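# Breakdown of the fold
Take a look at the letters that make up each chain.
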Amino acid sequence: MMRGILGLLLRALVVLTGTALATFTLLWNAPGDAATTIAMARFDTLLSDVVVAQVRAELGLDAGFWPAFNSWIVPLLSGDFGNSSVTGRPVWPDLVSAISYTIPTALAGLAIGLALAIPLAILATRHPGSWSDRFAVGIASLGAAIPAYWLGLLLILLFAVKLAWLPAMGARTPAHVILPALTLGLGVAAALTRIIRSGILEARRQPFLPAFRRRGVSDRDLARAHVAPHAATPVITVLGLELAFLLEGIVMVEVIFSRPGLGSFLVTAIGARDFPKVQAVVVVTALLFVVINLAIDVIYRLIDPRTGTQDA
Amino acid sequence: MRSVALLACAFVTLAVLGPVLAPYDPAAINIPARLSPPGGQWHLGTDALGRDTLSRLLHGARWSLGLAFGISLIGLLIGTCVGLAAALGGKALDWTLMRMTDSFLAFPELVAAVVIAGILGGGINSLILALSLTSWMRYARVARGVGLSLKSRGYVVQARLAGLSPIAIARWHYLSSLAPSLIVVWTGMFARAILGISALGFLGFGVQPPMSEWGAMLLDARVHMRAAPLQMIWPGIAVVLCVLAINLAGDALRDALAQKDIEE
Amino acid sequence: MLELHGVCVRYGKVDTLCDVTLCVPAGQTLAVVGESGAGKSTLIAAILGLVKLAAGQITWAGAPVHTCRPSLVMQEPRAAFNPVLPLRRSIMEPLTARAEQLSDARLAHICNRLELPIDLLDRKPGEVSIGQAQRAGILRALIAGSPLILFDEPLSALDAVTQKHTAQLIADLQDEMGFAALVVTHDLGYAAAFGDNIAVLRKGRVEEITPTHAFIQHPKSDYGEDLRQAAFALGALGYGA
């Protein structure tokens, strides 16, 4: 068991290193002269070669690939994300403030998604194949086909423009979180409904259930003791995927609603070619992902002795 | 199944014939007619520069469907090669390739595509690169999984004993068994590519103006949300219908293949 | 001559084969019998080089066994062929791999001996009977031309009449072509009818190797005697007679 978990840790470490290296390679090979772009972004005018050279030296861009990679990764290991190449201020405090905006949006979105998906899935599985099942699956399929940014725009159009019930742009009041969270939540619900539905159907097919039923165990008790735990397993599995979905949604939603947060932080940084910020977002996201997937793997091995006997 | 197939065919026809069917030049600017409502001369209205929205949508189908088709095929090719190499190439290669796949998956695909396309500076080439680089991993996992399960099948063992080269074995015995699973993954990735292209277009990192791409059309229309809300509705409907049709086709295909498995 | 000398195969900490020593001369058949889990399949995998040996060596005519390119006839006849390809493609694989040709006359002759209509080879595995598929499997082993053919429960998927017929075909072809055969089976009746010698395998070890006629009279090991009694009880020993 311990060996298996150590193996997973080693794997996570390799994956993180790979992601860091891939990101750095991409940025290093970005078209255009980075020093010129940054100097332009910083001073907002066309500049003399002297200033550009100064910026280049300051950012360590004149050294080769590996020295530059080292001068980024070594401080990073002690938690130093470096300074913004545009403002010169440390990246970390800005990143923390962005994350503090994103977390409530994400949690609210996830909560709305679960609150919609679980009843919808239960409705669908009450009578598989019936109109209620088809309705639920249809809604879920439609939801999966609607891109988050369009859904967000439609919600703005309806609730902010036509009805003027809710604020849309920015993050001044708590009410500003409603529309972004709803946008995220509807998308999450669409994806989760199908997974929970097939989880329940799968769990009901367990061969020992009819035997229990014949012995007089009530449907309610069966659902609680045997169907629900079994149906939860695939949901745990897709938690990692769900997180990916949330993050993708957040990038779009924050841009649409002009809301501060990790996503708009990333898009702004890309636009300004503020590479230290881009790198910081990539590293933090990858770390989050790897840690959560690692946790899921470890929990799995603790719960289910069948996993881990073969390399998945 | 049949209705889904018909719907999918209709979209392909639209994408191919779009430029022919379009009533106007999608790039013809007509300022006096800007933001016209639908009806009359302009079936779906006009955008902020007075360009005919229907024509732009029809031309846009080529970008969305054509590019998505190409991108999902590139992903299929890369992913299948990586997955088969991992399954057939021995433990060390398997470990390396799968950790590489994990590294690419350690980040939401669309976000990764945004970063890559944004850093490379927008345009069609960086869009293709960004979406292809972030869409091969699922194929690789499926190909490896099926590949590993095939390794102990009787006919693969026989081919190995016969001394057939690994490439010949992959070609003759693995691809035929892989094809059904890969096609199902492919339909999903095709739909994702359509969403990805329009998302990048919407963020301004994708197909650049004046070419009419659905995501970029949304970006334009967003500014005039109050004056001409319908301009924002049409491109979205186009994306949703395409993605829905492809996803349903994929579901039907998966069910049909599962049925075939049962019958065998 | 196939020779195994002190062969050990280990999965994790368990020895699935332990100190196995045996030989099969050209033109002869060694029947390996034993219960499920005795290590019969591992023995075949070891000879084919599909598993690593923890100790010992396997040779054909003094050279490492892979030099003689042993062939295998499998337990599940249809699974041995790619379901989407015509049988002919799979059957020809050993030859295509070596870029060799087979004369039509030779193919027709072997097909004839196996009672396989030659146009059957253009069908897919799902379109022929199990018995035909198994004979196609034997055909593949034969045209590969290897002097050593391994049979892994070759009859267990067939019905009783086809079993007897197929067993007789294999024996006749062996007389004609002179290959060495190692047959793994749990059917002592078949082993007794067609094996020149019988090896009893139990928990990865060879309990005894005895000429068939002697085994039927009097097995050397207690476990061999148990097997013989069990077969008598079922009336299975009387196969080829």
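Residues numbered from 1 in each chain as written. Chains lettered and ligands numbered in written order. Predicted model: local features only at pLDDT ≥ 70, side-chain atom pairs only at ≥ 80, totals over all residues. Heavy atoms only, no water.

All names here are of chain C. Domain annotation of chain C identifies domain 1 (1–70 + 148–241) and domain 2 (82–145). Taken together, the contact between domain 1 and domain 2 spans 15 residues of the former and 14 residues of the latter. For the pair domain 1 and domain 2, the summed buried area comes to about 1,200 Å², and 67% of that belongs to carbon and sulfur atoms. In terms of surface lost to domain 2, no three residues of domain 1 exceed L169, L173 and M177, which account for 33% of the buried area on that side. Between domain 1 and domain 2 we count one salt bridge in total. In this structure, E176 engages R113 in a salt bridge whose closest nitrogen and oxygen atoms are separated by 1.8 Å. Taken together, the connections running from domain 1 to domain 2 amount to four residue pairs in polar contact (both at pLDDT 80 or more). Considering every element that reaches the side of domain 1 that touches domain 2, the biggest residue donor is helix α6 (residues 160–177), with nine residues. For the side of domain 1 that touches domain 2, the class distribution of residues is nine nonpolar, three polar and three charged. (Domains from an automatic or database assignment. Contact = heavy atoms within 4.5 Å. Buried area = accessible area lost by both parts, 1.4 Å probe. Salt bridge = Lys/Arg side-chain N within 4 Å of Asp/Glu carboxyl O. Polar contact = N/O pair within 3.5 Å; in protein donor to acceptor, adjacent residues only side chain to side chain. Helix = DSSP H or I, 4+ residues; strand = E, 2+ residues; numbered from the N terminus. Nonpolar A, V, L, I, M, F, W, Y, C, P; charged D, E, K, R; others polar.)

Okay, the interface of chain B and chain C next. On the side of chain C, 17 residues touch chain B, which itself brings 13 residues to the contact. Buried area between chain B and chain C, summed over both chains or domains, comes out near 1,400 Å², and the portion from carbon and sulfur atoms is 63%. Counting the surface chain B buries against chain C, the share from its top three residues, Y155, Q158 and L161 of chain B, is 42%. On the surface where chain B and chain C come into contact, there are zero salt bridges. Along the contact surface separating chain B from chain C lie five residue pairs in polar contact (both at pLDDT 80 or more). The leading source of residues in the side of chain B that touches chain C is helix α7 (residues 154–161) of chain B, at seven residues. When its residues are assigned to classes, the side of chain B that touches chain C shows seven nonpolar, five polar and one charged.

Turning to empty space enclosed by the protein, a few remarks are in order. In this structure the tally under the stated criterion is six cavities of 30 Å³ or more. Roughly 120 Å³ of internal volume is contained in the largest cavity. For the largest cavity, the lining is made up of 13 residues, of which L161 and A162 of chain B together with S71, P94 and A144 of chain C are closest to its centre. At the level of secondary structure, the elements contributing two or more residues to the lining of the largest cavity comprise α7 of chain B together with β6 (71–73) and α5 (130–143) of chain C. Taken together, the residues that form the lining of the largest cavity break down as seven nonpolar, three polar and three charged. Reported here for the second largest cavity is a volume of approximately 70 Å³. Surrounding the second largest cavity, D47, T53, R56, M217, D220, A221, Q231 and P235 of chain B form its lining. Taken together, the residues of the lining of the second largest cavity break down into three nonpolar, two polar and three charged. (1 Å grid on protein atoms, 1.4 Å probe; cavity = no way out; pocket = protein on both sides within 12 Å on 5 of 7 lines; lining within 4 Å. Points joined across faces, edges and corners; volume = space filled by probe spheres on them.)

This next bit is on the environment of L116 of chain C. By secondary structure assignment, the location of L116 of chain C is in the loop between α4 (104–113) and α5. We classify L116 of chain C as buried; its relative accessible area is 4%. (Buried < 20%, exposed > 50% of the residue type's maximum accessible area, 1.4 Å probe, protein only.)

Trans peptide bonds make up most of the peptide bonds, and negative phi angles are found at most residues other than glycine. For R273 of chain A, which is not glycine, the phi torsion reads 50° and is therefore positive. On the secondary structure map, R273 of chain A appears in the loop between α12 (262–271) and α13 (275–303). Even without a glycine there, the phi angle at E115 of chain C is positive, about 60°. If you trace the backbone, E115 of chain C turns up in the loop between α4 and α5.

Moving on, we get to the pattern of salt bridges. A side chain of one charge can pair with a side chain of the opposite charge when the charged atoms of the two come close. Counted by the stated rule, this structure contains 16 salt bridges over all chains. We note a salt bridge from D94 of chain A to R89 of chain A, for which the minimum N-O separation is 3.3 Å. R89 of chain A gets classed as partly exposed once you look at its relative accessible area, which sits at 48%. A salt bridge links K40 of chain C to E153 of chain C, with the nearest nitrogen and oxygen atoms 3.5 Å apart. Here E153 of chain C lies in the loop between β7 (148–152) and α6 and K40 of chain C lies in helix α1 (residues 40–48), a separation of 113 residues in the sequence. Take E153 of chain C: its relative accessible area is 9%, and that puts it in the buried class. A single network of salt bridges, built from pairs that share partners, joins E248 of chain A together with E109, R138 and R192 of chain B.

This paragraph deals with the side chain of T19 of chain A. Following the sequence through the fold, T19 of chain A ends up in helix α1 (residues 2–28). Setting aside residues no more than four positions away along its own chain, T19 of chain A makes contact with V282 and A286 of chain A together with S103 and A106 of chain B.

In this section: the interface of chain A and chain B. Taken together, the contact between chain A and chain B spans 48 residues of the former and 40 residues of the latter. Summing both sides of the interface, chain A and chain B together bury roughly 3,800 Å²; the carbon and sulfur share of this comes to 77%. The largest contributions to the chain A side of the interface with chain B come from Y149, W150 and E248 of chain A, which together make up 17% of the buried area. Summed over the shared surface of chain A and chain B, the result is two salt bridges. Note that E248 of chain A is salt-bridged to R192 of chain B, the shortest N-O span being 3.2 Å. Counting every contact that joins chain A to chain B gives nine residue pairs in polar contact (both at pLDDT 80 or more). Secondary structure elements with two or more residues in the side of chain A that touches chain B: α1, α6 (131–145), α7 (148–162), α11 (239–256), α12 and α13 of chain A. Residue composition of the side of chain A that touches chain B, grouped by class: 37 nonpolar, five polar and six charged.

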